[in-house]
Amino acid sequence: MTVEPRAALDRLVAALEAHHHAVATRRSDDDPAVDDAYDVLADAYEVYEDSLATVFGEVTPFYLADEVDDDEDEDDESDEDLEDLEDLDFDDDLGEVEESEDQPQPAQQR
């Protein structure tokens, strides 16, 4: 069953208003009302996007980010960074610096 785009838009606007109200009246950093409003907003957006695509063959320029466990990503990136550092050969770079020190350098202008 396809929802009419106009009805889906009305629901999306109402979800945006409710999310704004939940954020503006937040009682703590982990207020469940904000989380609930976020979920309702995400659902309303998906319904609107689907109805636009089905009825008009159009989409919005927005997308919902996938939920990612930040701790896992940071660990993965750290391991990759270490592997990249292991591949570098710092001795070659040091030799180039020592060679350039033997050559006269141009005078610096003031």
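Residues numbered from 1 in each chain as written. Predicted model: local features only at pLDDT ≥ 70, side-chain atom pairs only at ≥ 80, totals over all residues. Heavy atoms only, no water.

Helix and strand counts for the protein stand at four helices and zero strands. Within the protein, the fraction of its 110 residues that count as buried is 15%. Taking contacts inside the protein between residues at least 6 apart in sequence as the whole, the part at least 24 apart equals 52%. Split by element, the accessible area of the protein, about 9700 Å² in all, is 49% carbon and sulfur. (Helix = DSSP H or I, 4+ residues; strand = E, 2+ residues; numbered from the N terminus. Buried < 20%, exposed > 50% of the residue type's maximum accessible area, 1.4 Å probe, protein only. Contact = heavy atoms within 4.5 Å. Areas by Shrake-Rupley, 256 points an atom, 1.4 Å probe, with all protein chains shown as cover.)

Following the sequence through the fold, Ser 51 ends up in helix 2 (residues 32–56). The contacts of Ser 51, once residues within four sequence positions are left out, are Val 3, Glu 4, Pro 5, Ala 8 and Phe 56.

Now for helix 2. An ideal rise of 1.5 Å per residue puts 36 Å on 25 residues; helix 2 measures up with 36 Å between its terminal C-alpha atoms. Among the residues of helix 2, those classed as buried are Val 34, Ala 37, Leu 41, Ala 42, Ala 44, Tyr 45, Tyr 48, Glu 49, Ser 51 and Leu 52. Buried residues along helix 2 sit in contact with helix 1 (5–24). Capping the start of helix 2, Asp 31 holds a side-chain oxygen 3.0 Å from the backbone nitrogen of Ala 33, two or three residues further along. Positive phi appears at Gly 57, one or two residues downstream of helix 2, with a value of about 70°. (Expected span 1.5 Å × (residues − 1). Polar contact = N/O pair within 3.5 Å; in protein donor to acceptor, adjacent residues only side chain to side chain.)

With that out of the way, let us pick up the packing of helix 1 against helix 2. Axis separation between helix 1 and helix 2 bottoms out at 8 Å; the angle between their running directions is 160°. With respect to their mutual orientation, helix 1 and helix 2 come out roughly antiparallel. As for how helix 1 packs across helix 2, the hand of that crossing is left-handed. Split by residue class, the contact of helix 1 with helix 2 holds 22 nonpolar, two polar and two charged. (Axes fitted to C-alpha atoms, helices over the stretch in contact; angles between N-to-C directions. Parallel < 35°, antiparallel > 145°, perpendicular 65-115°, else oblique. Left-handed = near helix turned anticlockwise from the far one by under 90°. Nonpolar A, V, L, I, M, F, W, Y, C, P; charged D, E, K, R; others polar.)

Residues Ala 8, Leu 12, Ala 15, Leu 41, Ala 44, Tyr 45, Tyr 48 and Leu 52 constitute the largest nonpolar core, which totals eight residues. Only helix 1 and helix 2 provide two or more residues apiece to this core. For this core, the leading source of residues is helix 2, giving five residues. (Core = buried A, V, L, I, M, F, W, Y, C linked by side-chain atoms within 4.5 Å.)

Looking now at helix 1. Along its 20 residues, helix 1 runs 28 Å from first to last C-alpha, staying within 8% of the 28 Å computed at 1.5 Å per residue. Here helix 1 has its buried residues at Pro 5, Ala 8, Leu 12, Ala 15 and Ala 22. Viewed along the axis of helix 1, the buried residues span an arc of 100°, placing them on a single side of the element. Exposed side of helix 1, more than 90 degrees from the buried face: Arg 6, Glu 17, His 20, His 21 and Ala 24 are the residues found there. Buried residues in helix 1 make contact with helix 2. (Arc of directions from axis to C-beta.)

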